Amino acid sequence: RTKVNTVISISGSTMATFVLSPFLTPGGKIDMSHVQNATLAGGVSMGAIPHLAIGPGAALLVGFFGGCLSCVGFTHIGPFLEARISLRDTCGVHSLHGMPGVYAGVVGIITLAAMGPPGAAVAELLTLLVSLVVAIGGGLAVGAASMFIDAEPSTEKRAILAFEDASYFDSVPPEP
């Protein structure tokens, strides 16, 4: 059941991506960042409830709305957050994992309240809240720590680092 619900949910998010992307993109074309990321949002959206007997239609809807949320996140919410609070999501984590993950938690709470054992919805709510505290706290900590990184190295240092990948990657041998 878990595998089937997840695959159906990913199918729903894929459908949402190809339906919604042309409406959100200038020129009415499909945006490849939507295709690459929002299609996976269905799997994230199903993350809290794949084991429940929700049926294929519900799995498809959960994935479809997860894909819609991700597409809108990439097109509108991400740029809005960057403009308003300088939140730079360089890898699309917020739109691919963050919003669909919170959506999955809310869907899990609703589903467990309707068909789960007593107290399961409360446990899911507490889990979602702890996850948000850890994620936001971790993001704030890393953001604060990154303020101490030398963002503008000297010209000499920049010239040396510009051609030296070994300081950034493990698999690149240092140049002689």
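The sections below set out a description of the structure shown in this document.

Basis of the calculations
Residues numbered from 1 in each chain as written. Predicted model: local features only at pLDDT ≥ 70, side-chain atom pairs only at ≥ 80, totals over all residues. Heavy atoms only, no water. Helix = DSSP H or I, 4+ residues; strand = E, 2+ residues; numbered from the N terminus. Expected span 1.5 Å × (residues − 1). Bend = angle between axes of the 7 residues up to and from the residue. Buried < 20%, exposed > 50% of the residue type's maximum accessible area, 1.4 Å probe, protein only. Contact = heavy atoms within 4.5 Å. Polar contact = N/O pair within 3.5 Å; in protein donor to acceptor, adjacent residues only side chain to side chain. Disulfide = S-S within 2.5 Å. Core = buried A, V, L, I, M, F, W, Y, C linked by side-chain atoms within 4.5 Å.

Our next topic: helix α1 (residues 2–24). Between its terminal C-alpha atoms α1 stretches 32 Å, which fits the 33 Å expected from 23 residues at 1.5 Å a residue. Phe18 marks the point of greatest bend in α1, at about 25°, and the proline Pro22 comes within the next four residues. All buried positions along α1 are accounted for by Asn5, Ser9, Gly12, Ser13, Ala16, Thr17, Ser21 and Leu24. Buried positions along α1 lie against α2 (32–45) and α3 (56–85).

Before going further, it helps to examine the side chain of Ser21. With respect to the helices and strands, Ser21 occurs in helix α1. Within polar-contact distance, the side chain of Ser21 engages the side chain of His34 at 2.8 Å. Every residue in contact with Ser21, bar those within four places of it in the chain, is listed here: Ala16, Lys29, Ile30, Asp31 and His34.

Further remarks concern the side chain of Thr39. Assignment of secondary structure puts Thr39 in helix α2. Judged by relative accessible area, Thr39 falls into the buried class, the value being 11%. For Thr39, the side chain forms a polar contact with the main-chain oxygen of Val35, separated by 2.6 Å. Not counting residues within four places of it along the chain, the set of residues in contact with Thr39 comprises Ile10, Ser13, Thr14, Thr17 and His34.

Now for the state of the cysteines. Under the counting rule described, the total for this entry stands at 0 disulfides. Sulfur of Cys68: no disulfide; nearest cysteine sulfur belongs to Cys71 and is 6.8 Å away.

Once that is clear, we can look at the nonpolar core. Core analysis: the largest hydrophobic core is formed by 15 residues, its most contacted members being Met46, Ile49, Leu52, Ile54, Val62, Val107 and Leu112. At the level of secondary structure, the elements contributing two or more residues to this core comprise α3, α4 (93–115) and α5 (120–146). At 5 residues, the largest contribution of residues to this core is made by α4. Discounting residues that sit within four places of it in the chain, Leu112 has contacts with Leu52, Ala120, Ala121 and Glu124.

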